[in-house]
Amino acid sequence: MTDFEFKALGAKLSNWGRWGDDDQLGTVNFITPEKRRAAAALVKTGTTFDLGMPFDDKGPQAGGSRFNPIHKMTKLLTDFAAPDGMMVADDIVIMPLQCATQWDSLAHVGYDGFVYNGVPASAVTAMSGATRNSFSQVAPRLITRGVLLDIAALKGKEHLDFSEEITADDLDAAEQRQGVRAGSGDVLLFRTGWYQVFLNGDSENYLSRRSPGLGISACEWLHDREIAAVAGDNFAVEVMPSTEPGTGLPLHMVLIRDLGLTLGEMFNLEELAAACAQDGVWEFMFSGIGIKVTGSVGSPVTPIAIK
Ligand code: UVW
C-alpha cells in the first residue's frame, strides 16, 4: 500500500448501492431471519457470557470529550413515606456513547465528504445528529451467529504485543486451529487479549495509540466472508499506529464508509474465550442490540454470547 491506497481498496470493496440507494444498514443486511434461526439452534446449555464493560466511573477514559459514565440517583427509596408502604428509586446516567463497550455506526467515520452509501457529511447535523446511517437503524437487528477467533492463543501469548498486526492469514490460521469458519451474516469477534491490560488497571496503555489490532489485509477478508459486524477486545478494532503511510485509521474508513460494516470496540472476550477453549466450540448465538438513540453515531452495548 502506498499513500492513500486505502481509498482504492475501499472503492474495490465498496457495498454502496448493493442493498439499494436508500440503504442504511450495510452489512447488517447479511443477517437474515434464517440466519437468526440457525444461530438460535446453536444454544445448547443456555449459558450466557457478558461481553460488556461495566458502565461506571472505573471505565478506561481519562477525561476530555470521552469521559466515564456519571450515574446519579434522582429518587431514593428512602425519600418515600407512602401510606401503602410503596417505595421508588429512579436514576440518570450521563455518558459519551463511545466511552466503553460500544458500536460504531455507519455515520461515525467517513472521508472525502461522504459516509456509507454516498451520504454527505452534512447529513450529520448539530441539531439532529445522524439524519442518515444512525445507529438506531441497526440497533434491533444485531442478533445472529457469533464466531470467536482467539488470535492471542494462536500466537501462544497472554495478549498480543504493542502495535501487533493481525493479518488475513492470521484469521485463516485461527479458523484452522479452532476448527470453525466465519461466514455470511456472522458477527466476528477477535481476541487480542489486550482487554487484560484494562482489567489489570492500566487504562493508559489500554487506550494508547500502540494498540494491537486488525491490519489492512483484514478488509478484503471481512468483505469476502460477508461478515455482518466485527468486534474486538481492543479499543479501535484496528492496529495502531496504522501501517499505512500518512493515515491514522484506514480500517475505520474502508470498513465503515465503504463496506458499511458496523464495528464493535472494547468487548470483554476473556471468559468466553476460556469457555470456548474448554468445550472446543467457537460458535454461539450472539446478541448485541444497542440503544436506539435517534440520530446516534454509535451506541453503548452489553453484548451477550449464548452457548
Ligand atoms: C474514532 O473515534 C475515530 O475511533 P473509535 O471508533 O475507536 O472511537
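Report on the accompanying structure.

Conventions and cut-offs
- Residues numbered from 1 in each chain as written.
- Predicted model: local features only at pLDDT ≥ 70, side-chain atom pairs only at ≥ 80, totals over all residues.
- Heavy atoms only, no water.
- Phe/Tyr/Trp six-rings, centres within 6.5 Å; stacked < 30°, edge-to-face > 60°.
- Buried < 20%, exposed > 50% of the residue type's maximum accessible area, 1.4 Å probe, protein only.
- Helix = DSSP H or I, 4+ residues; strand = E, 2+ residues; numbered from the N terminus.
- Pairing = 2+ DSSP bridges.
- Right-handed = clockwise from strand over helix to strand, strands pointing away.

**Observations regarding the packing of aromatic side chains**
Enumeration according to the criterion identifies 10 aromatic pairs in this entry. For the ring pair Phe4 and Phe6, a centre distance of 6.2 Å and an interplane angle of 70 degrees mean the geometry is edge-to-face. Accessibility expressed as a relative area gives 42% for Phe4, which makes it partly exposed. A ring pair is formed by Trp103 and Phe286, whose centres lie 6.3 Å apart and whose planes are at 85 degrees; its orientation type is edge-to-face. Linking Trp103 in strand E4 (residues 102-104) with Phe286 in strand E15 (residues 283-287), this pair joins segments that are 183 residues apart in sequence. Each member of the pair, Trp103 as well as Phe286, is classed as buried. Connected via pairs of aromatic rings, a cluster forms that spans Phe4, Phe6 and Tyr111.

**A few points about the pairing of strand E13 (residues 229-232)**
Along any regular strand, the residues point their side chains to alternate faces of the sheet. Of the two faces of E13, the one carrying Ala229 and Ala231 and the one carrying Val230 and Gly232 are both buried. Direction of pairing for strand E11 (residues 187-191) relative to E13: parallel, over a ladder of four bridges. Considered in E13, the bridge of Phe190 is made with Gly232. As paired strands, E13 and strand E14 (residues 262-265) are joined by three bridges and run parallel to one another. If you follow Ala229 over to E14, its bridge partner there is Thr262. Running through helix H9 (residues 250-259), the crossover from E13 to the neighbouring parallel element E14 is right-handed.

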